[in-house]
Amino acid sequence: MAFDAIETPFGKSDRIIGGAATYIAWSASNFCRPIEQLSVVGYDFPKEELQALADRGVVLEGVQIKEDEKTFFWSGRYHMDMNTRDTLDTQLNVLANFEPTVPESYQGAEFLMLGNLVPSVQHSVIKQLKQRPRLIVMDTMNFWMEVAHADLLEVIKEVDVLLVNDSEARELSHEYSLVKAAKKILGMGPKYLIIKKGEHGALLFHGDNVFFAPALPLEDVFDPTGAGDTFAGGFIGHIARTKDISYDNMKTAIIVGSAMASFCVEKFGTERLRELKKEDIDARIRQFQELVNFDIELV
């Protein structure tokens, strides 16, 4: 849970609400409630933002509020292709010494979504759970591959689904081919691997099976920040709603996640996610269906 300041070729935001846990919660709350949040904020995080999440069915018992520290802050500038960005400022603040504590009321959770954070912090959450969740999904990034590689490999062994983008998959595996990269990464422990390719969709790998979900061609992309986390929220939200962790249902979950991510990029921050209604999401998922649905006669 964080503050972001974002600049894109199409506009600029002031300091706005962001952070992986925030996007995941706003996205997943369309499909399942309650969502039991683990995070940390400072004295400057607006109380009305916490209330807005609570009104969406997000339980905040596991969110620490540090009254003498500031909330994490990130500032970045996107290039014209919207896939590359420059970090202008990072202030760790409350995240510098964050040690999550899983409340007793969170024990017994069926599904665990580990947002992108220090691998040792992700690992500590798994270790605090007395009963292993039915499904553990984990997001990570290239930064941790460079500065906390050993810790990252330890936590990857413990998870069922790993989420990375294409460049991260290549860095983690030292393979350029994404098929070869996937085989190597699946050998590290996870049963499933999702490789996000931004505006080019997402790939799901499981054993020898591969599934591809396209991205919806959009006229306007204002802000890609949080799109990956919104994808993750839609993915785990669908899984938690259906309570089905089969490969076939994960294919549907990827489409749901992609639909949610396509909303996120239409406005700055979480603004678009806050406006969504069930009929908007249903219509967007139907658009995805039409995008890939075709009949063909083999000649």
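Because the structure is predicted, anything quoted here is derived from the model rather than measured.

1. Digging into the packing of aromatic side chains
- Summed over all chains, the structure comprises two aromatic pairs.
- Aromatic pair Phe3 and Phe45: ring centres 5.9 Å apart, planes at 40 degrees, arrangement tilted. With Phe3 in strand E1 (residues 2-8) and Phe45 in the loop between strand E4 (35-42) and helix H2 (47-55), the pair connects residues that are 42 residues apart, well separated along the chain.
- Relative to Trp144, the ring of Phe143 has its centre 4.9 Å away and its plane inclined at 70 degrees; by these criteria the two rings are edge-to-face.
- Residue classification places Phe143 among the partly exposed residues on the basis of a relative accessible area of 40%.
- The ring of Phe73 is capped by Arg15, whose NZ or CZ atom sits 4.2 Å from the centre of that ring.
- Looking at Arg284, its charged tip hangs above the ring of Phe263, at a distance of 4.1 Å from the centre.

2. As for the packing of helix H8 (residues 227-242) against helix H9 (residues 247-264)
- H9 packs onto H8 with a crossing angle of 140 degrees between their chain directions and a minimal axis gap of 7 Å. One way to sum up the angle between H8 and H9 is to call them oblique. Considering how the two elements wind past one another, H8 and H9 form a crossing that is right-handed. Contacts between H8 and H9 involve Ala227, Thr230, Phe231, Gly234, Phe235, His238, Ile239 and Thr242 from the first element and Asn249, Met250, Thr252, Ala253, Ile254, Val256, Gly257, Ser258, Met260, Ala261 and Cys264 from the second.

3. Structural notes on helix H7 (residues 178-186)
- Among all positions in H7, only Leu178, Ala181, Ala182, Ile185 and Leu186 are buried. For H7, the angular spread of buried residues about the axis comes to 125 degrees, placing them on one side. Away from its buried face, by an angle of more than 90 degrees, H7 presents the exposed residues Lys180 and Lys183.
- Tucked into the core, H7 has its buried residues touching strand E10 (161-165), helix H6 (166-173), strand E11 (192-196) and strand E12 (202-206).
- For H7, the capping residue at the N-terminal end is Ser177, with a side-chain oxygen 3.3 Å from the backbone nitrogen of Val179.

4. Here's the deal with the pattern of salt bridges
- Enumeration according to the criterion identifies 17 salt bridges in this entry.
- Between Glu110 and Lys243 there is a salt bridge, and its shortest N-O distance comes to 2.6 Å. Note that Glu110 is positioned in the loop between strand E7 (85-91) and strand E8 (111-114) and Lys243 in the loop between H8 and H9, a separation of 133 residues in sequence.
- Of the residues examined, Glu110 reaches a relative accessible area of 30% and is grouped as partly exposed.
- Lys251 is the salt-bridge partner of Asp248, the closest N and O atoms lying 3.4 Å from each other. In this pair, Asp248 and Lys251 are both assigned in helix H9, three residues apart and thus about one turn of the helix distant.
- Here the salt bridges do not stand alone but share partners, grouping Glu266, Lys267, Arg272, Glu275 and Arg284 into one network.

5. Overview of the UniProt feature "domain: Carbohydrate kinase PfkB" (unreviewed entry) in the protein chain
- Per the UniProt record, the feature "domain: Carbohydrate kinase PfkB" (unreviewed entry) sits at residues 17-271.
- From the first C-alpha to the last, residues 17-271 spans 9 Å; its make-up is 37% helix and 24% strand.

6. A closer look at a nonpolar patch on the surface
- The grouping of Phe10, Met80 and Phe222 at the surface amounts to a nonpolar patch, some 320 Å² of accessible area in total.
- In this fold, Phe10 is placed in the loop between E1 and strand E2 (11-12).

7. Comments concerning the environment of Ile136
- Along the chain, the position of Ile136 falls in strand E9 (residues 135-139).
- Here Ile136 falls in the buried class, since its relative accessible area comes to 0%.
- Spatially, the C-alpha atoms of Ile136 and Ala54 are 23 Å apart, while their sequence positions differ by 82 residues.
- In this structure, Ile136 is in contact with Leu112, Leu114, Ile126, Glu158, Val159, Asp160 and Val161, ignoring residues within four places of it in sequence.

What counts and how
Residues numbered from 1 in each chain as written. Predicted model: local features only at pLDDT ≥ 70, side-chain atom pairs only at ≥ 80, totals over all residues. Heavy atoms only, no water. Phe/Tyr/Trp six-rings, centres within 6.5 Å; stacked < 30°, edge-to-face > 60°. Helix = DSSP H or I, 4+ residues; strand = E, 2+ residues; numbered from the N terminus. Buried < 20%, exposed > 50% of the residue type's maximum accessible area, 1.4 Å probe, protein only. Lys NZ or Arg CZ within 6 Å of the ring centre and 35° of its normal. Axes fitted to C-alpha atoms, helices over the stretch in contact; angles between N-to-C directions. Parallel < 35°, antiparallel > 145°, perpendicular 65-115°, else oblique. Left-handed = near helix turned anticlockwise from the far one by under 90°. Contact = heavy atoms within 4.5 Å. Arc of directions from axis to C-beta. Polar contact = N/O pair within 3.5 Å; in protein donor to acceptor, adjacent residues only side chain to side chain. Salt bridge = Lys/Arg side-chain N within 4 Å of Asp/Glu carboxyl O. UniProt positions renumbered as here; feature names shortened; annotations may be inferred. Patch = residues over 30% accessible without salt bridge, like charges linked within 9 Å, V, L, I, M, F, W, Y side chains within 5 Å. Areas by Shrake-Rupley, 256 points an atom, 1.4 Å probe, with all protein chains shown as cover.

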